Amino acid sequence: MKFLLLLSAIGLCWAQYNPHTKYGRTAIVHLFEWRWDDIALECERYLAPNGFGGVQISPPNENAVITSPSRPWWERYQPISYKLCTRSGNENDFRDMVTRCNNVGVCIYVDAVINHMCGNAMGSGTSSTCGSYYNTGNEEFPAVPYSGWDFNDSICKSENGEINDYNDIYQVRDCRLVGLLDLALGKDYVRSKVAEYMNHLIDIGVAGFRLDASKHMWPGDIKAVMDKLHNLNTSWFPEGSRPFIYQEVIDLGGEPIKGSEYFGNGRVTEFKYGAKLGTVLRKWNGEKMAYLKNWGEGWGLVPSDRALVFVDNHDNQRGHGAGGASILTFWDARLYKMAVGFMLAHPYGFTRVMSSYRWQRHFENGRDVNDWIGPPNDSGVIKRVTINPDTTCGNDWVCEHRWRQIRNMVAFRNVVDGQPFTNWWDNGSNQVAFGRGNKGFIVFNNDDRPLSSTLQTGLRAGTYCDVISGDKVGNSCTGITVNVSGDGNAHFSISNSAEDPFIAIHAESKL
Ligand code: QV4
Ligand code: CA
């Protein structure tokens, strides 16, 4: 009995850090701006068969329709109500997606925008995705309903009501982020409306939430909302399961607000991860891959079991938010694949893969003035994600998660799950390798000279298929093969001009 109590206490305490992914699946993908009907199809036709654990979706609640510029992606971060009604689909589409994804063991995580409503520049009217009325002048959102009392204006101490100084923790939490009307999450009424929205989603079957702009909410206010949340839907999740929570806190150091203040509520997005890994792979500031030997907490990152990690996100892939120039994206495909490969092979953190759309970049003074462009669309209607014969995506959807190297590294991560970080090797420069117990091994060559080395892999003897240059198909390999001898050693050659200068082998790529 005592033991059971202890178990359930641990279960409850740790629950919001647990993504609830099924069948040993260890990575999720952000299908940025996808339609719900396409996500449902993707769960069934691609994500489940390839071992993806879940999907982070764009905000599902009604948002402002912005016409100048024309339908930017960021309009979805300007809530008008909690009706499930956006360019991605309506409530029926949403329910169908959640049901179909859950039925194939793929979880849905909702991007929850609960710090604010729309920007003050919206004025009043019904320019919203479901036609709900709003008036930013008197802060009326009758479809929730919220009124002036439900916003922080009287609490905010900055001269213009805006966040002007990130060194002032009160401003950051109580004032307006770029003009966005700041909700009074200190009030029980506001907490209840937010919780009602999130509970609606939980009851439909979502597995958790990304909490947008968490830095701009007091950790205690977030906790008060979290305490009101239901357990997950028992049609798909064990009784007593708590929603998975990861909070968007951009903590690159140098500001008084720290990611660690939010650990009590759930995980936090570790933005240092992509910023530093990008710097290393680009070899900026004298960085080299050899220094990655103690990657993780050793680099000042938050504890692994509190981290949600990613190479890039929807903001920093286009210069929004923070992270800076070092961030690698699909635009730098060769280094990007190495970075994502490293992330998926390394045991640190819970991993999220980015899946983007292409847009016409246009740089002026080093800044992309087209950073606002929304998803591929026909007169505003989001285009379907079409699938080409070679399994890549059409209609300008990049689908990084379908790139062979990335898809196969998601499988690698699942195979090596729970295995220790082992057999590190480096040449003192940018040739490195490491294993995951006796289940997987990966070798990188980011130097300007060939790699040719015999390395201890920790793997059983045999011939393995490199899942970067090809696939294991039946009992043959469409790419490079690697022979591991009886003592676990194998010889690796990687040209510095290879299309993808890295090799990965694992227990299930053995021929
Ligand atoms: C403009 C002016 C403001 C002015 C305001 C007055 O720039 O100075 O006060 O008008 O009305 C958009 C525009 C922005 C505009 C604002 C309000 O870009 O110019 O302000 O709308 O109309 C996304 C975009 C923002 C966008 C916002 C709302 O990135 O550009 O603002 O959506 O549409 C910090 C935060 C972090 C945040 C990150 C971007 O700590 O939390 O900045 N990241 C999350 C999301 C992000 C989203 C938000 C938060 C807001 O990941 O995508 O912002 O929900 O680092
Ligand atoms: Ca706030």
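Coordinates for the structure precede this section.
Please read these numbers as outputs of a predicted model, since none were measured by experiment. (Residues numbered from 1 in each chain as written. Chains lettered and ligands numbered in written order. Predicted model: local features only at pLDDT ≥ 70, side-chain atom pairs only at ≥ 80, totals over all residues. Heavy atoms only, no water.)

Here we come to the overall build of the protein chain. Across its full length, the protein chain holds nine helices and 28 strands. For 511 residues, the compact-globule estimate of 2.2 N^0.38 gives 24 Å, and the protein chain sits close to it at 23 Å. Seen through its C-alpha atoms, the protein chain measures out along the principal axes to roughly 75 × 65 × 45 Å. Relative to its full complement of 511 residues, the protein chain shows a buried share of 59%. (Helix = DSSP H or I, 4+ residues; strand = E, 2+ residues; numbered from the N terminus. Rg over C-alpha atoms; globule rule 2.2 N^0.38 Å. Buried < 20%, exposed > 50% of the residue type's maximum accessible area, 1.4 Å probe, protein only.)

Take the site of ligand 1 next. Around ligand 1 there are 21 residues in total, and Trp 74, Asn 120, His 216, Glu 248 and Asp 315 lie nearest to it. Gln 78 places a polar side-chain atom, nitrogen or oxygen, 2.9 Å from an oxygen atom of ligand 1. Contact distances for ligand 1 include 2.6 Å between an oxygen atom and a side-chain N or O atom of His 216. Surface burial for ligand 1 is 75%, taken as the share of its 940 Å² of free accessible area covered by protein chains. (Near = heavy atom within 4 Å. Polar contact = N/O pair within 3.5 Å; in protein donor to acceptor, adjacent residues only side chain to side chain. Areas by Shrake-Rupley, 256 points an atom, 1.4 Å probe, with all protein chains shown as cover.)

In a perfect tetrahedron of four donors around a metal, the angles come out at 109.5 degrees. In a perfect octahedron of six, they are 90 or 180 degrees. Here the calcium ion (ligand 2) is held by the protein donor atoms Asn 115 (OD1), Arg 173 (O), Asp 182 (OD), Asp 182 (OD) and His 216 (O), which lie 2.4 to 2.5 Å from it. In the primary sequence, the donor residues of the calcium ion (ligand 2) line up as N-x57-R-x8-D-x33-H. Of this pair, Asn 115 sits in the loop between strand 5 (107-112) and strand 6 (116-119) while Asp 182 is found in strand 9 (residues 180-182), placing the two residues 67 residues apart along the sequence. As far as burial versus exposure is concerned, Asn 115 and Asp 182 are alike and both buried. (Donors = N, O, S within 2.8 Å, 3.2 Å for Na, K, Ca; no water.)

Attention now goes to the state of the cysteines. All chains considered together, the criterion is met by five disulfides. Covalently, Cys 85 is tied to Cys 130 through a disulfide, its sulfur atoms 2.2 Å apart. Since a negative S-S torsion denotes a left-handed disulfide, the Cys 85-Cys 130 link at about 95° is right-handed. Of this pair, Cys 85 sits in the loop between strand 4 (79-84) and helix 3 (91-103) while Cys 130 is found in the loop between strand 7 (124-125) and strand 8 (134-135), placing the two residues 45 residues apart along the sequence. The residue that forms a disulfide with Cys 156 is Cys 175, at a sulfur-sulfur distance of 2.1 Å. On the sign convention where negative means left-handed, the S-S torsion of about 100° between Cys 156 and Cys 175 marks this disulfide as right-handed. Of this pair, Cys 156 sits in the loop between strand 8 and helix 4 (169-174) while Cys 175 is found in the loop between helix 4 and strand 9, placing the two residues 19 residues apart along the sequence. (Disulfide = S-S within 2.5 Å.)

Another aspect to go through is helix 3. Between its first and last C-alpha atoms helix 3 spans 18 Å; for 13 residues at 1.5 Å apiece the expected length is 18 Å, and the two agree. Taken residue by residue, helix 3 has Phe 94, Met 97, Val 98, Cys 101 and Asn 102 as its buried positions. What you see down the axis of helix 3 is that its buried residues fit within an arc of 115°, all on one side. Exposed and facing more than 90 degrees away from the buried side of helix 3 are Asn 92 and Asn 103. Packing partners of the buried residues in helix 3 comprise helix 2 (36-47), strand 2 (54-57), strand 4, strand 5 and helix 5 (188-204). One side-chain oxygen of the residue at the start of helix 3 lies 3.0 Å from the amide nitrogen of Asn 92, identifying that residue as Asn 90. A positive phi of about 75° marks Gly 105, the residue just after helix 3. (Expected span 1.5 Å × (residues − 1). Arc of directions from axis to C-beta. Contact = heavy atoms within 4.5 Å.)

Bringing the pattern of salt bridges into the picture now. Where charged atoms from two side chains of opposite charge come close, those side chains can pair. Taken as a whole and judged by the stated rule, the model has 30 salt bridges. The shortest N-O distance in the salt bridge between Glu 91 and Arg 95 comes to 2.9 Å. With Glu 91 and Arg 95 both in helix 3 and four residues apart, the pair spans about one turn of that helix. With a relative accessible area of 26%, Glu 91 lands in the partly exposed category. Of the charged contacts, one joins Asp 305 and Arg 306 as a salt bridge, the two residues approaching to 3.6 Å between their closest N and O atoms. On the basis of relative accessible area, Arg 306 is assigned to the buried category, the value being 12%. (Salt bridge = Lys/Arg side-chain N within 4 Å of Asp/Glu carboxyl O.)

Our next topic: the packing of helix 8 (residues 333-345) against helix 9 (residues 404-415). Relative orientation of the contacting elements helix 8 and helix 9 amounts to 10°, with a least axis distance of 9 Å. Considering the angle they form, helix 8 stands roughly parallel to helix 9. Contacts between helix 8 and helix 9 involve Tyr 336, Lys 337, Val 340, Gly 341, Met 343, Leu 344 and Ala 345 from the first element and Gln 405, Ile 406, Met 409, Val 410, Phe 412 and Arg 413 from the second. Across the contact of helix 8 with helix 9, the residue classes break down as nine nonpolar, two polar and two charged. (Axes fitted to C-alpha atoms, helices over the stretch in contact; angles between N-to-C directions. Parallel < 35°, antiparallel > 145°, perpendicular 65-115°, else oblique. Nonpolar A, V, L, I, M, F, W, Y, C, P; charged D, E, K, R; others polar.)

The subject of this paragraph is the nonpolar core. Counting 136 residues, the largest nonpolar core has Ile 39, Phe 94, Met 198 and Phe 209 as the members making the most contacts within it. If we ignore the near neighbours within four places in the chain, the residues touching Phe 209 are Val 110, Ala 112, Met 198, Leu 201, Ile 202, Leu 229, Pro 243, Phe 244, Ile 245 and Tyr 246. (Core = buried A, V, L, I, M, F, W, Y, C linked by side-chain atoms within 4.5 Å.)

Okay, the pairing of strand 14 (residues 350-355) next. Of all the six residues making up strand 14, six are buried; the element is thus mostly covered by neighbouring parts of the structure. A two-sided burial pattern is seen for strand 14, the buried positions comprising Phe 350, Arg 352 and Met 354 on one face and Thr 351, Val 353 and Ser 355 on the other. Here strand 1 (residues 27-31) pairs with strand 14 via five bridges, running parallel. Bridge pairing links Leu 31 to Ser 355 in strand 14. (Pairing = 2+ DSSP bridges.)

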